[in-house]
Amino acid sequence: MGILIKPIITEKATADSEDNNRFAFEVAVDANKVEIRKAVEELYGVNVESVKTMVMPGKRKFRYTKQGITRGNTGKYKKAIVQVRSGETIDLYSEI
């Protein structure tokens with residue numbers, strides 16, 4: 001498994017990418033900022049100005065099934081906000 005797992009495409013992340021040239025990615029939990037910077041620059045061919053990371057905690061989930069209430073937790077994941085140089089952009093929709 002690589003450093004970058006998938007881009008995060010939500011309304012908030014899309015607005016941030018259009019307005020401020022920042023892109024959000026789900027990354028490996030043990031990845032550091034230097035590794036994330038190199039992976040984005042290598043994969044998308046852009047110059048990265050800054051990387052901000054945060055570990056998102058897991059959430060408690062439950063659902064109703066025939067056997068009763070099933071409880072569980074979602075796993076934690078690490079999110080990276082990558083600021084690219086002005087004038088450059090990352091096309092996240094080209095692979096769709």
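Please read all numbers here as calculations on a predicted model, not as lab measurements.

Calculation rules
- Residues numbered from 1 in each chain as written.
- Predicted model: local features only at pLDDT ≥ 70, side-chain atom pairs only at ≥ 80, totals over all residues.
- Heavy atoms only, no water.
- Pairing = 2+ DSSP bridges.
- Helix = DSSP H or I, 4+ residues; strand = E, 2+ residues; numbered from the N terminus.
- Axes fitted to C-alpha atoms, helices over the stretch in contact; angles between N-to-C directions.
- Contact = heavy atoms within 4.5 Å.
- Patch = residues over 30% accessible without salt bridge, like charges linked within 9 Å, V, L, I, M, F, W, Y side chains within 5 Å.
- Areas by Shrake-Rupley, 256 points an atom, 1.4 Å probe, with all protein chains shown as cover.
- Salt bridge = Lys/Arg side-chain N within 4 Å of Asp/Glu carboxyl O.

Participant: Please explain the sheet that holds strand S6 (residues 77–84) as it appears in this structure.
Facilitator: The pairing of strands in a sheet comes from backbone hydrogen bonds and takes either a parallel or an antiparallel form. Strand order in the open sheet formed by four strands is S1-S2-S6-S3, and the pairing between neighbours is antiparallel. Two strands bound the open sheet, and with one partner strand each, they are strand S1 (4–7) and strand S3 (48–56). Each adjacent strand pair in this sheet contributes to an overall mean axis angle of 30°, direction not counted. Note: strand S2 (residues 22–27) against S6, six bridges, orientation antiparallel. Bridge pairing in S6 links Val-27 to Lys-78. With respect to the sheet, helix H1 (residues 11–20) is in contact with S2 and S6, its orientation differing from that of S2 by roughly 140°.

Participant: Teacher, can you tell me more about a nonpolar patch on the surface here?
Facilitator: On the surface, Phe-62, Tyr-64 and Ile-69 cluster together into a nonpolar patch covering about 380 Å² of accessible area. The residue Phe-62 is located in strand S4 (residues 60–65) in this model.

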